[in-house]
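Examination of the molecular architecture
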Amino acid sequence: MTDLEALCAQYEGAPPGEVLAGALEHYPSAALACSLGLEDVALVHMASLLPMAPRIFVLDTGRLPPQTYDVLEALRLRCGLPIEVYFPDHQAVEAYVNSHGINAFRESLALRHACCRMRKVEPLARALRGADAWITGRRRAEGPTRADLSLFEADPDHPGLVKINPLLAWSLEDARAYVRAWNLPCNPLHDQGYPSIGCAPCTRAVADGEDERAGRWWWERPEHRECGLHRQPATGENR
Ligand code: SF4
């Protein structure tokens, strides 16, 4: 059994707050990636209850909906923790937009990946400098790209780093219930049919019966609905 498998076995079925606390004992330099959705708001709150909170960071792509910025500010004030914000390289954005157009990500999968790489993946690499692990709010129930998550898993895109997913067993309703119970900031788009919220032009509301991430890059096939921040460890496929 590898160290990661042993950690998965040790924390299997444990409440998320316990997983988070245990994760920080094993990975004291872990950083929490906060997308400002329900799950990450819950994780930031759990972190604020610990004696020593992890670093918390947000990736501001420049294309987020205005409601998301309101959550960022409200969460910072509510939880009393510093939240670092990382931006894309402005020269890369200017070159992309001036060559391809402001909404070129709809034209091809390659241009969409290039946009996510520039606005998310590169800033993520900077945000993770010095970290030994990162914590995400991903859940298995979100859809096919997340069905095989583990509590602790190697990150194929950042060799040597571990990804920790304390909420993997939560349902969307679990996340909603936690945020309501603690009266935490909540993006109003969640109540307008947006279970998953990313950049404004790449997110729409989902219809009844659609999977939770169906509104992300809805014009693409379901197995492509990831932004390049997360890859399947088993296959190495970029999702
Ligand atoms: Fe670009 Fe859309 Fe990816 Fe945001 S989600 S980085 S706008 S392609």
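Reading the values: the criteria
- One numbering rule holds for all chains: residues counted from 1, following each sequence as written.
- Per-residue local features of the predicted model are confined to residues with pLDDT of at least 70, and side-chain atom pairs are confined, for both listing and counting, to 80 or more; whole-chain, interface and lining totals are unaffected and use all residues.
- Calculation of side-chain values draws on the structure's entire complement of heavy atoms; hydrogens and water are dropped beforehand.
- By convention in this text, a residue qualifies as near a molecule or strand provided that one of its non-hydrogen atoms is within 4 Å of it.
- Computed over the protein atoms alone on a 1 Å grid, cavities are sets of points where a 1.4 Å probe fits but cannot get out and pockets are open sets with protein on both sides within 12 Å along at least five of seven lines; a residue lines them when it has an atom within 4 Å of a point.
- To qualify as sitting in a cavity or pocket, a molecule needs more than half of its atoms within 2 Å of the grid points.
- Gly is put with the polar residues, along with every residue not named as nonpolar or charged; the nonpolar set is Ala, Val, Leu, Ile, Met, Phe, Trp, Tyr, Cys and Pro, and the charged set is Asp, Glu, Lys and Arg.
- Grid points are joined across faces, edges and corners, and a volume is the space filled by probe spheres set on the points.
- Think of it in three bands: with a 1.4 Å probe and only protein chains considered, a residue is buried below 20% of the maximum accessible area for its type, exposed above 50%, and partly exposed in between.
- The numbering of helices and of strands both runs from the N terminus, where a helix is a DSSP run of H or I of at least 4 residues and a strand a run of E of at least 2.
- By arc we mean the arc of the directions from the helix axis to the C-beta atoms, nothing more.
- Any two residues having at least one pair of non-hydrogen atoms within 4.5 Å are treated as being in contact.
- Counted as a polar contact is a pair of N or O atoms within 3.5 Å, where, for protein atoms, one must be capable of donating a hydrogen and the other of accepting one, and residues adjacent in sequence contribute only when both atoms are in side chains.
- Only four residue types enter the tally: Lys and Arg on the positive side, Asp and Glu on the negative side, with His and both chain ends excluded.
- We define a salt bridge as a contact between a side-chain nitrogen of Lys or Arg and a carboxyl oxygen of Asp or Glu at a distance within 4 Å.
- Each axis is a line fitted through C-alpha atoms, and for a helix only the stretch in contact is used; angles between axes span 0 to 180 degrees, taken between their N-to-C directions.
- Here roughly perpendicular refers to angles of 65 to 115 degrees, roughly parallel to angles under 35, roughly antiparallel to angles over 145, and oblique to all remaining angles.
- In this scheme, a crossing is called left-handed if the near helix is turned counterclockwise away from the far one by less than a right angle; it is called right-handed if the turn is clockwise.
- Paired strands, as defined in this entry, are two strands with at least two bridges between them according to DSSP.

All right, on to the site of the ligand then. The environment of the ligand is made up of Phe-105, Arg-112, Cys-115, Cys-116, Arg-119, Lys-120, Cys-199, Cys-202 and Trp-217. Mapping the ligand onto the cavity grids shows that it belongs to the second largest cavity. Along the lines of polarity and charge, the residues of the shell around the ligand split into six nonpolar, no polar and three charged.

A separate point is the layout of surface pockets. A volume near 200 Å³ is recorded for the largest pocket. Lining the largest pocket we find 15 residues, and of these Glu-12, Gly-13, Leu-151, Leu-168 and Ala-169 sit closest to its centre. Split into classes, the residues belonging to the lining of the largest pocket amount to eleven nonpolar, two polar and two charged.

Below, the discussion takes up helix α7 (residues 172–181). Leu-172, Ala-175, Arg-176, Tyr-178 and Val-179 are the residues of α7 that are buried. Angularly, the buried residues of α7 cover 160° about the axis, an arc narrow enough to put them on a single face. Summarising the geometry of α7, the exposed residues directed more than 90 degrees from the buried face are Arg-180 and Ala-181. Elements in contact with the buried residues of α7: α3 (38–48). Of the residues trailing α7, Asn-183 is marked for its positive phi of about 55°.

This part covers the environment of Thr-68. Looking at where Thr-68 falls in the secondary structure, it is placed in helix α4 (residues 66–79). Counting along the chain gives 119 residues from Thr-68 to Asn-187, while the straight-line C-alpha distance between them is 6.3 Å. Those residues within four positions of Thr-68 in sequence are excluded, and the remaining contacts are Ser-35, Leu-36, Asn-187 and Ile-197. At 3.1 Å, the side chain of Thr-68 forms a polar contact with the side chain of Asn-187.

Inspection of the secondary structure assignment puts Ala-92 in helix α5 (residues 90–100). The class for Ala-92 is partly exposed, based on a relative accessible area of 30%. As for Ala-92 and Gly-209, which are separated by 117 residues in sequence, their C-alpha atoms are 38 Å apart.

Let's shift gears to the side chain of Arg-119. The residue Arg-119 is located in helix α6 (residues 109–127) in this model. Among buried Asp, Glu, Lys and Arg side chains, Arg-119 stands out as unpaired, with Asp-60 the closest opposite charge at 7.4 Å. A distance of 2.7 Å separates the side chain of Arg-119 from the backbone oxygen of Thr-61, its partner in a polar contact. Filtering out sequence-adjacent residues up to four positions away, Arg-119 remains in contact with Thr-61, Gly-62, Arg-63, Pro-88, Val-93 and Val-97.

The next subject is the packing of helix α2 (residues 16–26) against α3. Contact pair α2 / α3: the axes reach a minimum separation of 10 Å and the direction vectors enclose 60°. With respect to α3, the element α2 is oriented oblique. Relative to α3, the crossing made by α2 is right-handed. In this structure, α2 contributes Pro-16, Gly-17 and Leu-20 to the contact, and α3 contributes Leu-43, Met-46 and Ala-47. When its residues are assigned to classes, the contact of α2 with α3 shows five nonpolar, one polar and no charged.

Between α3 and α4, the shortest axis-to-axis distance is 10 Å and the interhelical angle comes to 20°. With respect to each other, α3 and α4 are oriented roughly parallel. Here the hand of the crossing between α3 and α4 comes out right-handed. Counted together, Val-41, Val-44, His-45 and Ser-48 of α3 and Val-71, Leu-75, Arg-78 and Cys-79 of α4 form the full contact between these two elements.

Spatial ordering of the open sheet is given by β3-β2-β1-β4-β6-β5, a layout of six strands whose pairing is mixed. The strands lining the two open edges of the sheet, one partner per strand, are β3 (84–86) and β5 (152–154). Within this sheet the neighbouring strands show an average axis-to-axis angle of 30°, counted without direction. Pairing of strand β1 (residues 31–33) with strand β2 (residues 55–59) involves three bridges; the strand directions are parallel. Bridge pairing links Ala-33 to Phe-57 in β2. Those strands touched by helix α1 (residues 3–11) are β5 and β6 (162–164), and its axis lies near 165° from that of β5.

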